[in-house]
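# Survey of secondary and tertiary structure
Take a look at the letters that make up each chain.
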Amino acid sequence: MLDAFVQIDAVPYSQHSLDEVDPAGTGMPLNEESVAVRHGLVRLEAKRENYFAELELDGNTVKGPSARILTSQVGWRYLDPDDTDHDDNALVRARAGLMLIPFGALVPNNARDRYFMEQPTFLRALFPGDIDAGANVDGAYGLVRYSVAAMNGAPVGDAQWAGRDPSSSYDLMGRFGTDIPLPHHGRFVAGISVVIGRGLHPGTPPTKDSLQWVDENQDGIVQVTELVDVPGSPAIPSQSFSHDAIDLDATVHWCVKGLGHGQLQLEGAIAKNLDRGVVYADPVTRSRDVRELGFSLALEQDLGAFALAGLRYDRYDADRDAIEQAGVATVYTHEVFSTLSVMASARFHTARLIGQYDHATNPFGRADNGEPITLRADKLIFRAQVEF
Amino acid sequence: MRARWLALVAVVGCDPATNELGYGAALVIANAQFRPGGFPAATGGPDTVQVEGAASTTIGTFRARLHAVLAPDAEGAIIGLQGADGAWIIAAGQPDFDTPGQPSATATYGFDPSVAPGPQTILLAATDAAGRIGVPSTLEVVAGAAPVPEGDLVVGLAWESTADLDLHVIDPLGGEAWSDQPNTSPPAQPGVPADPSAYLGGGILDHDGNANCHLDNPANEHVIWRPRAGPNGDVAPVIPSGTYTVRVAARSLCRDAAAAWYVEVYARGVLLAAARGEAVPDDVSADQRAGAGVTALTFKRP
């Protein structure tokens with residue numbers, strides 16, 4: 001089977017946009033007000049008896065024109081003999097390859113099935129890119145849903161390792177949940193997910209002796225007394241560290257006559273040393289564990305056959321133990337990100353036009369009193385997508 | 001259209017900080033939050049006990065430091081240049097050893113090249129947890145223009161880019177000064193007696209600008225003939241008569257697609273010749289050696 005999906009984003013307004021290049025030295029433009037191909041997906045699926053294979057390719061222009069393998073997996077499944085019409089309800093499905101990370105409720109969702117533009121911040125932090133390579137066994141038996149997986153632990157969006165597995169250990173994860181039918185076409189879906197694994201703090205190669213100039217009198221002239229001998233150092237080995245998370249998700253689906261399907265979804269996670277996308281959690285450099293906490297609450301409601309509206313709030317504390325100097329005192333602070341998203345969508349067959357306004361807060365700015373304050377980051381996005 | 005979006009933001013926004021980088025502001029401070037507009041008026045905030053720093057700094061450089069001691073209830077500081085738009089916010093730091101109980105404020109700053117040379121007044125006001133701003137203290141600093149290197153003969157290359165360009169100057173005797181051989185004087189030959197001070201009479205490259213894409217500010221290189229102190233006294237420059245050739249080589253364009261360059265030649269402070277050009281990707285060569293690059297100009301000395 002072959003299908004395709006194209007998603008075009010237009011950002012007419014972004015407070016975070018600047019006609020500048022990244023001061024961090026990457027040379028990347030900071031302009032966000034542009035039109036981009038967010039996804040151009042082509043998916044190939046093959047099935048024979050109980051075996052299946054899938055290859056999904058993505059072309060996009062988010063960071064310049066690029067093409068990549070999005071997912072690629074092979075597997076085997078055993079369908080319920082009494083319900084062979086529903087592929088999603090296999091009693092057992094075993095697969096391996098590059099796949100959406102089977103953790104929680106939102107991460108394993110394919111981009112073509114989402115209405116809100118981006119994942120909540122805490123999931124972009126814990127599982128950046130949503131995709132990793134590994135092996136997974138999942139299935140459904142009655143009301144029970146289960147999944148266990150061993151993944152590389154290197155999501156494709158990892159800010160440091162970018163999908164390259166840095167350690168020989170695997171991230172072990174599992175989800176145990178339920179899917180309960182409710183009256184009037186309603187459903188209640190809930191689950192608890194756990195992940196444990198190891199991350200890597202990179203070491204450094206040996207260094208040679210060097211000289212450092214400290215311009216003590218600030219005259220711009222090198223004087224012998226201002227030269228400091230910096231001795232070379234032996235190589236510092238890399239260190240691995242443990243990371244883990246536990247996640248709870250619950251979704252209530254309903255059907256309102258005249259309007260259609262609606263759902264209220266809550267998902268939250270508490271994690272340790274697992275931020276790999278927003279504020280990188282490296283307990284070795286910080287000399288302590290980095291504890292994260294995040295959640296999102298989303299409401300979506302069909303407004304007839306051709307429209308849908310949604311509201312989502314998500315909040316993420318990237319370091320619950322962060323401290324900062326405030327005058328003579330050292331105080332606890334919060335590296336909190338939150339986003340209130342308002343979304344409306346029109347749809348016709350497999351085509352959608354979505355508009356979303358994100359009102360975001362973050363800890364990157366500084367107020368007159370020197371304390372962290374939100375740096376402007378609100379954004380208006382329009383997205384057109386067609387599946388065929 | 002943008003005004004409409006801004007109006008929408010005004011409804012849902014709540015006084016966030018600007019994300020402007022503050023590039024082009026008269027005063028630039030490292031690792032600080034830019035604050036657009038004029039320097040804020042005092043609103044009853046904490047005092048600044050003391051502020052000190054270098055008496056002068058060169059315009060276009062980014063190395064001067066200032067240090068302040070603030071009143072005990074201060075939690076931040078605002079720093080700006082008197083009469084200029086834009087200021088910078090920093091968080092107060094730990095007290096110094098000799099001023100316990102009084103937070104400090106330390107910053108590295110530089111003046112934008114648009115700043116006129118002369119005396120400048122830096123303002124520093126402490127702020128407290130409620131955002132109240134104290135009466136600003138002042139630091140008088142002389143902003144000096146970058147000096148043109150002195151010498152009997154100076155060949156300069158300047159460019160505004162991240163690129164790693166190299167200046168090559170070839171004297172009439174064939175001696176070539178560039179980053180790998182920074183002297184026009186020929187190196188001593190094995191077995192041939194040589195004056196140990198002779199090399200001081202050649203044209204010598206002052207430094208390798210933007211070497212290995214490590215940014216200088218501003219990016220330039222000079223080959224200079226001038227009297228230099230030797231072990232047996234000053235050595236006069238040896239400036240051979242004849243035609244000199246100035247070449248510009250592109251070792252790497254680093255993060256830029258092209259690099260516009262400017263070459264000028266001064267004899268005792270008098271402009272002899274100048275040329276402009278641009279290094280493009282086709283000019284980049286990993287094979288950097290004597291004679292590399294494109295000829296920018298030639299000039300004659302009697």
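Residues numbered from 1 in each chain as written. Chains lettered and ligands numbered in written order. Predicted model: local features only at pLDDT ≥ 70, side-chain atom pairs only at ≥ 80, totals over all residues.

### Concerning the overall build of chain A
Across its full length, chain A holds 2 helices and 22 strands. Structurally, chain A occupies a C-alpha span of about 85 × 45 × 40 Å along its principal axes. Sorting the 388 residues of chain A into buried and exposed places 32% on the buried side. A separation threshold of at least 6 residues defines the contact pool for chain A, and within that pool the share at least 24 residues apart is 56%. (Helix = DSSP H or I, 4+ residues; strand = E, 2+ residues; numbered from the N terminus. Buried ≥ 20, exposed ≤ 12 C-beta atoms within 10 Å, placed from the backbone. Contact = placed C-beta atoms within 7 Å.)

### Details of the domain arrangement of chain A
Entries for chain A in the domain assignment read domain 1 (2-203 + 238-387) and domain 2 (204-237). Once you take the C-alpha centre of each, domain 1 of chain A and domain 2 of chain A turn out to be 44 Å apart. (Domains from an automatic or database assignment.)

### Observations regarding the sheet that holds strand E3 (residues 48-53) of chain B
Residues and elements named next belong to chain B. The strand order E1-E8-E5-E3 describes an open sheet built from 4 strands, whose pairing is antiparallel. The sheet is open, and its two borders are formed by strand E1 (27-29) and E3, each paired with just one other strand. Each adjacent strand pair in this sheet contributes to an overall mean axis angle of 30°, direction not counted. Looking at chain direction, strand E5 (residues 64-70) and strand E8 (residues 104-111) are connected through 6 bridges and run antiparallel. Residue pairing across strands places Ala-64 opposite Tyr-109, the latter belonging to E8. (Pairing = 2+ DSSP bridges. Axes fitted to C-alpha atoms, helices over the stretch in contact; angles between N-to-C directions.)

### Observations concerning the environment of Thr-58 of chain B
The residue Thr-58 of chain B is located in strand E4 (residues 56-58) in this model. Note: C-alpha distance between Thr-58 of chain B and Phe-111 of chain B (53 residues apart in sequence) is 7.7 Å.

### Observations concerning the sheet that holds strand E14 (residues 204-205) of chain B
In spatial order, the strands read E14-E15-E11-E19-E20 (chain B); together these 5 strands make up an open sheet with antiparallel pairing. The sheet terminates laterally at E14 and strand E20 (270-279) of chain B, the two strands that pair on one side only.

### Regarding the domain arrangement of chain B
Here the domain parsing of chain B yields domain 1 (18-144) and domain 2 (153-301). Measuring from the centre of the C-alpha atoms in domain 1 of chain B to the corresponding centre in domain 2 of chain B gives 39 Å.

### Thoughts on the interface of chain A and chain B
Contacts between the two partners involve 28 residues from chain A and, on the opposite side, 38 residues from chain B. Secondary-structure elements contributing two or more residues to the side of chain A that touches chain B are strand E16 (323-326) and strand E20 (365-366) of chain A. Of the residues in the side of chain A that touches chain B, the class split is 9 nonpolar, 12 polar and 7 charged. (Nonpolar A, V, L, I, M, F, W, Y, C, P; charged D, E, K, R; others polar.)

### A look at unusual backbone geometry
Despite not being glycine, His-184 of chain A shows a phi value in the positive range, around 60°. Its identity as a non-glycine residue notwithstanding, Asn-212 of chain B has a phi of 55°, on the positive side. As for its placement among the helices and strands, Asn-212 of chain B is situated in the loop between E14 and strand E15 (219-225).

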